[in-house]
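One letter stands for each residue in the lines below.
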Amino acid sequence: MIDHVLGRPSVQFRKIQVLAVVSFWSFYLFRGHKHGPPTLRKISRRLSTILTPWQTLVLTLLYLYIARNLGKLLGLECPEPLANLYTRSYFRATWVTTAMDAGFWSAMRIRRKWLRDLASIVFTGYYLIAAEQADEKVRKIRGMLTVDHLRVSWNKGTTPYLSFLTNLLRPRFMRYPPRQIRIPRPPNSDYKEPVSGWLYFDGPLSALKKHTKVVLDIPGGGFIAMDPRTNDDKLFAWAGKTGLPVLSLDYKKAPEFPYPYALNECFDVYSTIMASRGRCLGLSGEVVPKIVITGDSAGGNLATGLTIMIIEAGSTHTRQFLGQQPLPIPDGLVLIYPGLDMNIGNWMSDEQMSLIKDRRMRKTNRTFIRQKSMQYTMAAGTPHHSEDEDQTPPTLTSPALATSPAPLSITLPSPQYSTAAPSLLSPPVTRKQPGPEQSPSHHPEPLKTRLAMSSMISYFNDRILSPEMMRAMIILYIGPHNRPDFSQDYLLSPILAPDSVLSQFPKTYFLTGERDPLVDDTVIFAGRIRRAKAAKYLLDQTSDIRLHKEFDDRDVVEVVLIPGISHGFLQFVGVFPEGWKYIHRCSRWIEHIFAAAEERELRGGAVTPGGYRSSGSLHHQRRKTAESSGDEDMGLEMSISSSKGKGKAVISKEEERKKKEKLLREQLRERGERRKRERSGGMERRKSMVSLASEDDLLGRRMLGLAGPLTGRGDVLDD
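Residues numbered from 1 in each chain as written. Predicted model: local features only at pLDDT ≥ 70, side-chain atom pairs only at ≥ 80, totals over all residues. Heavy atoms only, no water.

### Focus on helix α19 (residues 467–478)
Rule in force here: Counting from the N terminus, the helices are the DSSP runs of H or I reaching at least four residues and the strands are the DSSP runs of E reaching at least two. Here, expected helix span is obtained from the residue count minus one, scaled by 1.5 Å. Whether two residues are in contact is decided by their heavy atoms: any pair within 4.5 Å suffices.
Between the first and last C-alpha of α19 there are 16 Å, a value that for twelve residues agrees with the 16 Å anticipated at 1.5 Å per step. Close packing links the buried residues of α19 with α8 (131–143), α9 (147–154), α13 (298–312) and α18 (455–458). Downstream of α19 by a residue or two, Gly479 has a phi angle that is positive, lying close to 90°.

Pasting the structure below:
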């Protein structure tokens, strides 16, 4: 209390205060009268004949407990803000992770490693019991985060005791341990140091020569922490379930290696794999391997940025002059709660809401839409609006406003899809001249969508990912000497990528929790891919009358939003067992992507995104923000050059195609035999999960959680 009176709260002063109080009473008990001061001695002597020392101790502790919880007994305790935010199982998991964060942060200053590891477990046990103290400690530390705090929290899974425990709880998926490897840089890269990674493969290295498919995983960790071994659960499961080699990159972390170093590492690895035809991983190198790129959280940002760089590689004469050559586009993309927007804003724009409310995605985004639409409704305590209210613009008494013509379609970044887009890049609004009786008063612009708050601000109390953590990660990732343009740099914020690039994206899967602060990134980016692909399909349909098949959203993007779940649920499946079914869901996605690629090859006899490699050298440079030429965003160009004549090139291509078809037939035959054995053994495939049920409404649930306490309607939320 004294430090508050002085107006300068200080941890050091509180420490001195506690030591002073303890020293004073210890000295008094040792040197003073055993029955206390003179005025209390008579009462003390009488009570000593009634109560034993044990009873005195128990009564004292009971009094202290009642005093600490008097507000709860009298109904004066403040409500729990996260009571109905998560499912019960997920909240229990966050209770354990919060206790571990508090315990590991309490022990992080201990110098000796063995003692620090042991103390971390002991303190974690204490904070599991004292859950409220753990919440308070974590809240205060997040207000003054450092890179050491973040690394201690996110790398705790690699400590001896937790690593032993997670290995004990994890099902056995592989007989072989992961292998650490180093991937060399391309010859024309700006960097020379090899890139580290871990190869997860359930088999001997000699068996790699039979494989033509690779999963390239980019782990998350806020760009500053978490190597592949912190993701052992999902990587072991993917490699064991699919039987494919899974390469997880151990890219360099910020702040020692700020943006765009990690992104360039990922691009160099992909270029080397394609240039060597997988020999750098132990593959035979006879054919160009098919690749599926996966990424979670910050890794999802890097995976998306990598895909953009692959699409843009060698797409213009300028890039080719600098040494870049066209690269095959990956066969698929799996993004798990990705962070795609480095702008942290408060409000959703009309462009963002139009993507979320797309008619074709209403079933998936139904809950999401209602929660955003009801934010003002619940805060103001007004009745629920009808389902069709957003479809008809409100009637205003103010003079009508005329919007300017839409800007021309150019291949530039799309800042209107960021949560903090500059207003200068939005179409200006001009006021009509109503006549001689023009009112000098200001009139509001008619709303195209209802006011909606971004998920980052909606869930700022999230137990896993808070705005303070996001702020720290972005600052550390960008670095002190870099000042990117947040409204233009779509390698930093892939949500800004131009439509010409998004139209070339491979089939993309998204898996995100409904209550994730980054869920807006998933829904908006998926909507942008869907819209760009649909526009490209219509353009191709007009130029090619053979395209009779109707455009299907599921062919280009699929989104799964999990109700009552927030961020990072695949990182702690040991305390959140439901996470295993989502890990297996991702492994089935990977298999579906490769199966679709094989089917396209066998049906069309042509190589699709992952089946071509230029014979030239590979080189890249990060696209600078200042570049704005229209040529920069042209489609991927593919060409074949040979120094020994056109005839030999055709022969070599035909031989390569025959080798591919032979390998594909063998793999399909092996897969069919394996499925027959599974059926004969009585194995049943689990029922696949689906997106949010149509009766759920994500936007309404979000708004109900935010504004429900203001109007007394928070009790209608489900657990």
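### Some points on the pairing of strand β9 (residues 507–513)
Operational definition: Residue exposure (1.4 Å probe, protein chains only): buried if accessible area is under 20% of the type maximum, exposed if over 50%, otherwise partly exposed. By the convention used here, strands pair only if DSSP detects at least 2 bridges between them.
When you tally the buried positions in β9, you get seven out of seven residues, the bulk of the element. Because side chains alternate across β9, one face comprises the buried residues Lys507, Tyr509, Leu511 and Gly513, and the other comprises Thr508, Phe510 and Thr512, equally buried. As paired strands, strand β6 (residues 332–336) and β9 are joined by five bridges and run parallel to one another. Paired with Leu335 across the bridge in β9 is Phe510. Both β9 and strand β10 (residues 557–562) contribute to a ladder of six bridges, which runs parallel. The residue bridging Thr512 from the neighbouring strand is Leu561, located in β10.

### Digging into the side chain of Asp516
The following threshold applies: A 3.5 Å cut-off defines polar contacts: any pair of N or O atoms within that distance qualifies, except that in protein one atom must be a possible hydrogen donor and the other a possible acceptor, and neighbouring residues in sequence count only when both atoms are side-chain atoms.
Along the chain, Asp516 turns up in the loop between β9 and α21 (519–543). Within the local environment of Asp516, its side chain forms a polar contact with the side chain of His567, the two groups lying 2.8 Å apart. With residues near it in sequence (within four places) discarded, Asp516 still touches Tyr337, Ser455, Tyr459, Ile565, Ser566 and His567.

### Details of the environment of Val147
Here Val147 lies in helix α9. Sequence separation of Val147 and Leu476 is 329 residues, and the distance between their C-alpha atoms is 7.9 Å. Beyond its immediate stretch of four places on either side in the chain, Val147 contacts Ile224, Pro255 and Leu476.

### Considering the side chain of Lys533
In plain terms, the rule: In this count, Lys and Arg are taken as positive residues and Asp and Glu as negative ones, while His and the chain termini are left out. By definition here, a salt bridge exists when the distance from a side-chain nitrogen of Lys or Arg to a carboxyl oxygen of Asp or Glu is within 4 Å.
Structurally, Lys533 can be placed in helix α21. The buried charged residue Lys533 lacks any salt bridge, with Asp540 as its nearest oppositely charged partner at 8.8 Å. In this view, Lys533 contacts Leu502, Ser503, Gln504, Phe505, Phe551 and Val556; residues no more than four positions away in its chain are not counted.

### Let's talk about the pairing of strand β5 (residues 290–296)
Each regular strand displays side chains that alternate between the two surfaces of the sheet. Of all seven residues that make up β5, seven are buried, and the element is covered over most of its length. Residue alternation in β5 divides its side chains into two sets, Lys290, Val292, Thr294 and Asp296 and Ile291, Ile293 and Gly295, and both sets are buried. In the sheet, strand β3 (residues 213–218) pairs with β5 via six bridges, with the strands oriented parallel. What sits directly across from Asp217, in β5, is Thr294. With five bridges joining them, β5 and β6 adopt parallel strand pairing. Directly across from Gly295, in β6, lies its bridge partner Leu335.

### Quick notes on the pattern of salt bridges
Enumeration over the complete set of coordinates arrives at 23 salt bridges. Put simply, Asp101 and Lys156 hold a salt bridge, and the shortest N to O gap is 2.8 Å. Taken together, the residues Asp101 in helix α6 (residues 88–107) and Lys156 in the loop between α9 and α10 (160–169) connect sequence positions 55 residues apart. Across the pair, Lys156 and Asp101 agree in class, each one buried. Between Asp268 and Arg185 there is a salt bridge; the shortest N-O distance is 2.6 Å. Within this pair, whereas Asp268 is found in helix α12 (residues 261–275), its partner Arg185 is found in the loop between β1 (179–183) and β2 (195–200), the two being separated by 83 residues in sequence.

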